[in-house]
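Topology and contacts: notes
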Amino acid sequence: MKTHELRRHAEEIGFTPQEQARWLAPGQLARTAVKVVLATVFADYADKREIQGALPAPPLHAPLSEPEAQELWIDFVADLGDGFDATSSVAWTLAAEKLDVDAPGTAPPGLTTRGALLVLGGDEVYPVASVRGYEDKMKGPYRAALPTADDQPLMVALPGNHDWYDGLTAFLRIFTQQRPIGGWQTRQTRSYFVVQLPQRWWLVGLDSQLGEYLDDPQLRYFQTHLSANLEPGDGVIVCCAEPTWVKSADKSADAFDTMHWFDRNYVRTRTDPQTGEQSPTGASIRLWLTGDRHHYARYAERLPEDPAPPGDLPPDPRRRQMVTCGLGGAYLAATHRLPATLPLPPSGSRLREKDDPPVVFDRARTTHPDTADSRRIVRGLARPWSPGWLPRRNPGFAELAAGVHAVLFLFMGFLFALSQGVLKPVDAVRNADGGDLGSFVGGFCGAVAVLFALRLLYRLARPHVRAKPSTALLALLMQVAVALVVLAVAVAVPFPDSWSGWAVLVACLVLAGLVGALLGSEVFALWVLSARSGAATDWQMSGQSIEEHKGFLRLHLAPDGDITIYPLLLDGICRDWDLQDDPAMGKRPVPATPPTVRLIEDPVVITRNARTP
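Thresholds applied
- Residues numbered from 1 in each chain as written.
- Predicted model: local features only at pLDDT ≥ 70, side-chain atom pairs only at ≥ 80, totals over all residues.
- Heavy atoms only, no water.
- Helix = DSSP H or I, 4+ residues; strand = E, 2+ residues; numbered from the N terminus.
- Rg over C-alpha atoms; globule rule 2.2 N^0.38 Å.
- Contact = heavy atoms within 4.5 Å.
- Areas by Shrake-Rupley, 256 points an atom, 1.4 Å probe, with all protein chains shown as cover.
- Lys, Arg positive; Asp, Glu negative; His and termini not counted.
- Charge placed at Lys NZ, Arg CZ, Asp CG, Glu CD.
- Patch = residues over 30% accessible without salt bridge, like charges linked within 9 Å, V, L, I, M, F, W, Y side chains within 5 Å.
- Salt bridge = Lys/Arg side-chain N within 4 Å of Asp/Glu carboxyl O.
- Buried < 20%, exposed > 50% of the residue type's maximum accessible area, 1.4 Å probe, protein only.
- Pairing = 2+ DSSP bridges.
- Axes fitted to C-alpha atoms, helices over the stretch in contact; angles between N-to-C directions.
- Left-handed = near helix turned anticlockwise from the far one by under 90°.
- Nonpolar A, V, L, I, M, F, W, Y, C, P; charged D, E, K, R; others polar.
- Phe/Tyr/Trp six-rings, centres within 6.5 Å; stacked < 30°, edge-to-face > 60°.
- Core = buried A, V, L, I, M, F, W, Y, C linked by side-chain atoms within 4.5 Å.
- 1 Å grid on protein atoms, 1.4 Å probe; cavity = no way out; pocket = protein on both sides within 12 Å on 5 of 7 lines; lining within 4 Å.
- Points joined across faces, edges and corners; volume = space filled by probe spheres on them.

A word on the overall build of the chain. For the chain, the count of helices and strands is 18 helices and 22 strands. The C-alpha atoms of the chain give 28 Å as radius of gyration, which agrees with the globular expectation for 613 residues (25 Å, within 12%). Counting only C-alpha atoms, the chain reaches 95 × 65 × 50 Å along its principal axes. Long-range contacts, defined as pairs at least 24 residues apart, comprise 77% of the intrachain contacts of the chain with a sequence gap of at least 6. For the chain, the computed accessible surface area is about 26,900 Å², with 58% contributed by carbon and sulfur atoms. Averaging the locations of the 60 positively and 68 negatively charged side chains of the chain gives two centres separated by 5 Å.

Attention shifts here to a positive patch on the surface. A contiguous patch of positive charge, built from R337, R375, R379 and R532, is present on the exposed surface. Relative to the helices and strands, R379 is located in helix α11 (residues 371–379). When its relative accessible area of 38% is taken as the criterion, R379 is described as partly exposed.

The residue after Y126, namely P127, is reached through a cis peptide bond having omega -5°. The residue P127 is located in the loop between β4 (117–120) and α6 (131–145) in this model. Cis geometry marks the peptide bond from D356 to P357, where omega comes out at 5°. For S545, which is not a glycine, the phi torsion comes out positive at approximately 45°. Within the fold, S545 resides in the loop between α18 (535–542) and β17 (551–557). Here S545 falls in the buried class, since its relative accessible area comes to 0%.

Turning to the sheet that holds strand β13 (residues 296–301), a few remarks are in order. The nine strands lie next to each other as β1-β7-β8-β9-β12-β14-β13-β16-β15, forming an open sheet whose pairing is mixed. The open sheet has two edge strands, β1 (60–61) and β15 (341–344), and neither has a second partner. Pairing of β15 with strand β16 (residues 359–363), which is carried by four bridges, proceeds in the antiparallel orientation. The residue bridging P343 from the neighbouring strand is V360, located in β16.

Another aspect to go through is the packing of helix α16 (residues 471–492) against helix α17 (residues 501–530). Orientation of α16 relative to α17, taken along the N-to-C sense of each, is 145°, at an axis distance of 9 Å. As for how α16 packs across α17, the hand of that crossing is right-handed. For the pair α16 and α17, contact is made by T471, L474, A475, M478, Q479, V482, V486, V489 and A490 and by C508, L511, A512, V515, L519, G520, V523, F524 and W527, respectively. Of the residues assigned to the contact of α16 with α17, the class counts are 15 nonpolar, three polar and no charged.

Moving on, we come to the environment of D166. Mapped onto the fold, D166 is located in the loop between β5 (154–157) and α7 (169–175). Taking C-alpha positions, D166 is 9.9 Å from V131, a pair spaced 35 residues apart along the chain.

A few words on the packing of aromatic side chains. Throughout the structure, instances matching the rule amount to 21 aromatic pairs. Where F222 meets F262, the ring centres are 5.4 Å apart and the plane angle is 75°; that geometry is what we call edge-to-face. Here F222 is found in helix α8 (residues 216–225), whereas its partner F262 is found in helix α10 (residues 257–267), with 40 residues between them in sequence. The burial state of F222 is the same as that of F262; both residues are buried. Plain terms: the ring middles of W261 and Y266 are 5.5 Å apart, the flat faces sit at 55° to each other, and that makes the pair tilted. For W261, a relative accessible area of 33% translates into the label partly exposed. Through pairs of rings, three or more aromatic residues link up here, namely Y192, Y221, F222, W261, F262 and Y266.

Attention shifts here to the pattern of salt bridges. The tally for this structure, following the rule as stated, stands at 25 salt bridges. R114 is paired through a salt bridge with D151; the nearest N and O atoms lie 3.2 Å apart. Of this pair, R114 sits in the loop between β3 (101–102) and β4 while D151 sits in the loop between α6 and β5, and the two are 37 residues apart along the sequence. As a salt-bridge pair, E301 and R320 come within 3.0 Å of each other at their nearest N and O atoms. Of this pair, E301 sits in strand β13 while R320 sits in the loop between β13 and β14 (321–325); the two residues are 19 residues apart in sequence, bridging distant segments of the chain.

Moving on to a nonpolar patch on the surface. On the surface, a nonpolar cluster with roughly 630 Å² of combined accessible area is contributed by V450, L451, L454, L456, L457 and L460. The topology assignment puts V450 in helix α15 (residues 434–461). Classification of V450 by relative accessible area gives partly exposed; the value is 47%.

Let us now look at the nonpolar core. Residues L197 and W245 are the most contacted members of the largest nonpolar core, which totals 89 residues. In contact with W245, other than residues within four places in its own chain, are C240, F256, W288, T290, Y299, M322, V323, T324, L342 and L344. If you look at the next biggest cluster of nonpolar residues, it comprises 49 residues, including A129, L168, W184 and L570.

The next thing to look at is empty space enclosed by the protein. Following the criterion strictly, the structure yields four cavities of 30 Å³ or more and no others. Of the voids in this model, the largest cavity is the one considered here, and its volume is about 90 Å³. As for the largest cavity, its lining consists of F256, H260, D263, R268, W288, R320, M322, L344, D355, V359 and F361. Of all the secondary structure elements, the ones that give two or more residues to the lining of the largest cavity are α10 and β16. In terms of residue class, the lining of the largest cavity is made up of six nonpolar, one polar and four charged.

Here it is in structure tokens:
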């Protein structure tokens, strides 16, 4: 049965399966915007991380099959709590006792079974956090995928920006009360964590709230449970809420500063709480993991002996890695604009104490989606035959465009009537000819040109004021151009003399609505596709709400201390579900055909202490 059919069985399965979020649907867009504004305004005044400082926070230990076990399998998934089909497909794959993996040669033992530790890398619910949202979009699907488990795998969660939109209230109720989620066990008591792993590895989860800073209770926690216990040669895995290393190249040179500062002051060095003196720990961050961007991309450290320019870096376990894998359930994101090289921290960073020269990371050749597919998928937003076409994927957007253009027609008709020396737009439309319309359009374009000229003169007169061109103004002008087309069609239509003025007006508004719904939506989609920065670039993919292309990371910590990353991709998501009796849940949805899994790229090996291989 389909998702909408499962909703009829909500009481039996204990949650209500949800459809994928439609990000540019007017209602959804408005609700999310309100939440974002409120969260941004009040985050600094109601920071629940300060309150968490009063809670006990013992260090966590990875669950081992035996006390002396020297290896561990870890799963990492991020951006997961969205539509039921995608989220549950990933959850079932993570929970599977035996997984069919399409890997070259023979899959290593353990790759096909679930990890003993599941790390949720942020944004566990979409579009905004609430207890009901977590129940329906994350907790319910994961409980159904693994109702019970004898090995009791540990689950740790990191909040992303969507988890923070209610001030972290629901996140703390779900993940820090040490209650199980199906067979997975939660043990953390705060929104950040340290997990001690075998072979002198440490897993760290940082909560940077909606900004890029770490609160004092959190830093004391890491000083006590991480820095004070690090030894020379220890390896650290850091999970953070977003790929600030990429943001440092395309948005803000200071984006990576907090992460770099944490590395220098809490991993590579420790501070004596009595004297304040710092001393080196001999440890290093070997792997950065994040989600937030809903694709797979990896950056590898450039070693001193690498040629310049490096090209495609050969595999080398000494390289530190930065991996983004946000394929847990939310819409797919683009990869074709990812920077090829990242000097960290970049030269424009205002951080006073930083590595000099910066460490350079180069993007691996393989991403998902790859560059060609990314460009092709993005263009689907403006292609009516594409499944991702804007009006098709966002219910209500076409209706909104129709209403906007009905209003625009009234406005343009009023201006046109004034240009003809009449007061009623209907009279102007009925009596005007092509010459009148041409004069009006020419005058209108001239007025716009004058405004742009004045703006240019203002910028020339004040060269020290740097202002980017207004993309919102461009979007408005494109819609005005559509409105002028509607006006031209209305002037060209020979309305019968027997029609009343009201009938003509209604006909014109219907025409404006129809053209606006189709052409106005298409023009908006083309404007979104023309964007190279800002929120509109995110809309290129979020506006399509693509459910396919889901995956996660499976990591193996071997007895020799090396970690191997296996980036896994589902061959598709399940859209047909069966209801199955279950002693722990009563009934639960199970996939009619479980998806198979393949590797996105060859496994990546990382040594713990950068020793020479």
